[in-house]
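A look at the structure
Listed below, chain by chain, are the residues.
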Amino acid sequence: MKNSIKQRYITSAFILLAATVIVKIISAVYKIPLTNYIGATGRGYFSVAYNLCMPVHALTMGAFPLALTRLVSSFEAKGDRLKVKALRIASKKLFFVVGLIGFGFMVIMAKPYANIISSSPKSIYTILAMAPSVFFCCMCAAHRAFAEGFLDMKATAISQTIEALFKMVFGLLFAKISMSKLVEMYIENGAVLGVKVYDEQQALSVIYPITSACAMLGVTLGSIAGYVFAAVYTKIKYNFLPREKVDVKSAYSELLIFSTGLVGATVVQSLANFADTSSIQYCLSMCSADALGEQYMTSANDVYTYVFGIYAVALDFKNLVPAVVMALGVTAVPAVSTAFESGQERFSSLLNSIFKYTVILSAGGGVVIALFYNDMLEIFYGYGNTDIVQNAGRILFLFGVTSLPAAAASTSVYCAQALGYAKQTILPFALSAVVRVLLNFLLISNDSINILGSAVSNFVGFSIILVWNMTVIRRKTKAKFNLLEVFVKPLICAALSYFVTIGIRDSLSASMTDMLIFILSGIICLLSYLVLLILMNCVTLSEIKSIK
């Protein structure tokens, strides 16, 4: 069993990785028709709700599930099934309480956040429609995290996919039905839900908040469906636990104690991200409006909002790499914990493999973005927003080139926290935030650099987190990292595949359509990268065969 941990990790990571890709594709497909139904204004109401939910989600879903996974994998490695059963019972109670607190916070903060912080009073409907999803996500997390403790990612992968499908199907359905009904009210009565309106603009001002809230109900239904599946799955799959009475109270206390450092790290991480985003907006406002207007060919009156919008578009694509790579970090928690607790001799080998796969995916994703940034922007925005294609290209290319630290840092954090060093991850988060803010002030406030400086500050800031946590792991566990295998060889493969693809793409016939060139170049990029990885022994055939 000890020798199979690496194989189980690869298989579990692949399952979660595949599910993450599917979820991202569903989300991308979902956003386009949703925007057609609820408009850009409706998407704004969505964003306000998510902005309030994300810190709550980070605190409730970032610390406690990780603690449960870590403890379950630890006691399972020791063969203590009574403790595992106690943790299962205690986690259900803990996550129920945490979910209620998160739900209550969303409801209580809905009005003040909508009115004061976001200056969008009508977004309260969307926030309230989303609030129940916090509770059900917490309840679902108790079952997901428990299964993850056994290196079983099926509950997480399938429930996430179910959530995404429900969100897409019912979100679009509710948005379409509510929009058609409310527009019909306006046409027939000149009023919407009893509110008298005098023109189409006033009607849409009343309609959009309601349709956005109806669409958000798809998110809540998705969270309920995901919870039901995860609960049924774990009840059937893990019915082998002993029937003896267990000490639930001590397990409850152990979960809370172990979560303390994780909660602290999550709070600091959330504050760090908030400081980074806020400083980007502030430093951008320090640039000359006329200089930015001339550079981005837009009106100087709203140029700061426009340039930040360009940054947000590029961020949507850039964040795909860390989101996909995060599957490796999540799966690493039970694998690292099990290997470490069982005193496995090949603990260092497992760590090196985890970080190597992280670098391979991160570097590969960065190459794809750097090569095809213009094609991706053209596909999504070429028909109606050609200015986005023209202006977002440079920052997206830089995000591709500098994507590795942002993606790999999450794996280093998960591994450090899985080994019980959550408190040691707090300082690098704080230091990274300070460095990112300072670099933002230095670079983004410069008229000629402006938003491009965010790529540099992100690269440096996440590099600090990555190096710091790897150093902590090495010192605490005496594990040895093979930098040549983990970083150098995958990066060489990524760089070579980039230049090979560039060379071949430039030689393709000019008579081919842009789409055909894009498809052929993508195939060439992926094949050349995979062949180079195999030739340089970064990925072995036995590792590929172990995916079952």
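Please refer to the structure placed before this passage.
Residues numbered from 1 in each chain as written. Predicted model: local features only at pLDDT ≥ 70, side-chain atom pairs only at ≥ 80, totals over all residues. Heavy atoms only, no water.

**Considerations on the overall build of the protein chain**
In terms of regular secondary structure, the protein chain is built from 18 helices and two strands. The C-alpha atoms of the protein chain give a radius of gyration of 24 Å, which matches the 24 Å a tight globule of 548 residues would have. Once the C-alpha set of the protein chain is aligned to its principal axes, its extents read approximately 70 × 60 × 45 Å. When burial is assessed residue by residue, the protein chain has 51% of its 548 residues classed as buried. (Helix = DSSP H or I, 4+ residues; strand = E, 2+ residues; numbered from the N terminus. Rg over C-alpha atoms; globule rule 2.2 N^0.38 Å. Buried < 20%, exposed > 50% of the residue type's maximum accessible area, 1.4 Å probe, protein only.)

**A short note on the packing of aromatic side chains**
One pass over the structure, following the stated rule, counts 17 aromatic pairs. Ring centres of Y373 and F397 lie 5.7 Å apart, and the angle between their planes is 65°; this geometry places the pair in the edge-to-face category. Taken together, the residues Y373 in helix α11 (residues 347-381) and F397 in helix α12 (residues 386-401) connect sequence positions 24 residues apart. A relative accessible area of 27% means that Y373 is categorised as partly exposed. Three or more aromatic residues joined by ring pairs form one cluster here, namely F96, F135, F136 and Y227. The ring centre of F399 lies 5.7 Å from the NZ or CZ of K318, which sits over that ring. Over the face of the ring belonging to F462 we find R436, whose NZ or CZ atom lies 4.9 Å from the ring centre. (Phe/Tyr/Trp six-rings, centres within 6.5 Å; stacked < 30°, edge-to-face > 60°. Lys NZ or Arg CZ within 6 Å of the ring centre and 35° of its normal.)

**Looking at the environment of A142**
Along the chain, the position of A142 falls in helix α4 (residues 124-148). The exposure class assigned to A142 is buried, which follows from its relative accessible area of 4%. Separated by 81 residues in sequence, A142 and M61 have C-alpha atoms that sit 9.5 Å apart. If near-sequence neighbours (up to four positions away) are discounted, A142 is found in contact with L68, S91 and F95. (Contact = heavy atoms within 4.5 Å.)

**Topic: the side chain of S412**
Inspection of the secondary structure assignment puts S412 in helix α13 (residues 403-418). In this structure the side chain of S412 is engaged in a polar contact, spanning 2.6 Å, whose partner is the backbone oxygen of A409. Ignoring sequence-local partners within four residues, the contact set of S412 consists of F355, I465, L466, N469, M470 and I473. (Polar contact = N/O pair within 3.5 Å; in protein donor to acceptor, adjacent residues only side chain to side chain.)

**Regarding the packing of helix α9 (residues 303-318) against α11**
In contact at an axis separation of 11 Å, α9 and α11 are set at 115° when each is read in the N-to-C sense. Considering only the axes of α9 and α11, their crossing is right-handed. Seen from α9, the contacting residues are V313, D316, F317 and K318; seen from α11, they are I369, M376, L377, F380 and Y381. Considering only residue class, the contact of α9 with α11 consists of seven nonpolar, no polar and two charged. (Axes fitted to C-alpha atoms, helices over the stretch in contact; angles between N-to-C directions. Left-handed = near helix turned anticlockwise from the far one by under 90°. Nonpolar A, V, L, I, M, F, W, Y, C, P; charged D, E, K, R; others polar.)

**Details of the side chain of E148**
Residue position: E148 is located in helix α4. For the buried E148, no salt bridge is present, and the opposite-charge side chain at shortest range is R144, 6.3 Å distant. (Lys, Arg positive; Asp, Glu negative; His and termini not counted. Salt bridge = Lys/Arg side-chain N within 4 Å of Asp/Glu carboxyl O.)

**Here we look at the environment of M185**
The residue M185 is located in helix α5 (residues 154-189) in this model. With residues up to four places along the chain from it excluded, the contact list for M185 reads G190, A191 and L193.

**A few points about unusual backbone geometry**
Of note, N450 is a non-glycine position whose phi angle comes to about 40°, a positive value. Classification of N450 by relative accessible area gives buried; the value is 0%. Despite not being glycine, K478 shows a phi value in the positive range, around 65°. Tracing the backbone through its elements, the reader meets K478 in the loop between α15 (453-477) and α16 (483-507).

**Considerations on a nonpolar patch on the surface**
On the surface, F96, V97, L100, I101, F103, V107 and L128 cluster together into a nonpolar patch covering about 570 Å² of accessible area. Position of L128 among the secondary structure elements: in helix α4. (Patch = residues over 30% accessible without salt bridge, like charges linked within 9 Å, V, L, I, M, F, W, Y side chains within 5 Å. Areas by Shrake-Rupley, 256 points an atom, 1.4 Å probe, with all protein chains shown as cover.)

**Quick word on the packing of helix α8 (residues 289-296) against α9**
At a closest axis distance of 9 Å, the pairing of α8 and α9 adopts a crossing angle of 50°. Looking at the two axes, α8 sits oblique to α9. Once α8 is placed against α9, the crossing between them reads as left-handed. For the pair formed by α8 and α9, the contact residues are A289, L292, G293 and Y296 on the first element and V303, Y304, Y306 and V307 on the second. In terms of residue class, the contact of α8 with α9 is built from seven nonpolar, one polar and no charged. (Parallel < 35°, antiparallel > 145°, perpendicular 65-115°, else oblique.)

**A look at the pattern of salt bridges**
Using the criterion set out here, one finds seven salt bridges in the structure. Salt-bridge contacts for D276 lead to R436; the nearest nitrogen and oxygen are separated by 3.6 Å. Note that D276 is positioned in helix α7 (residues 248-285) and R436 in helix α14 (residues 426-444), a separation of 160 residues in sequence. Judged by relative accessible area, D276 falls into the buried class, the value being 6%. Between D375 and R505 there is a salt bridge, with the nearest N and O atoms lying 4.0 Å from each other. Separated by 130 residues along the polypeptide, D375 in helix α11 and R505 in helix α16 bring together distant segments of the chain.

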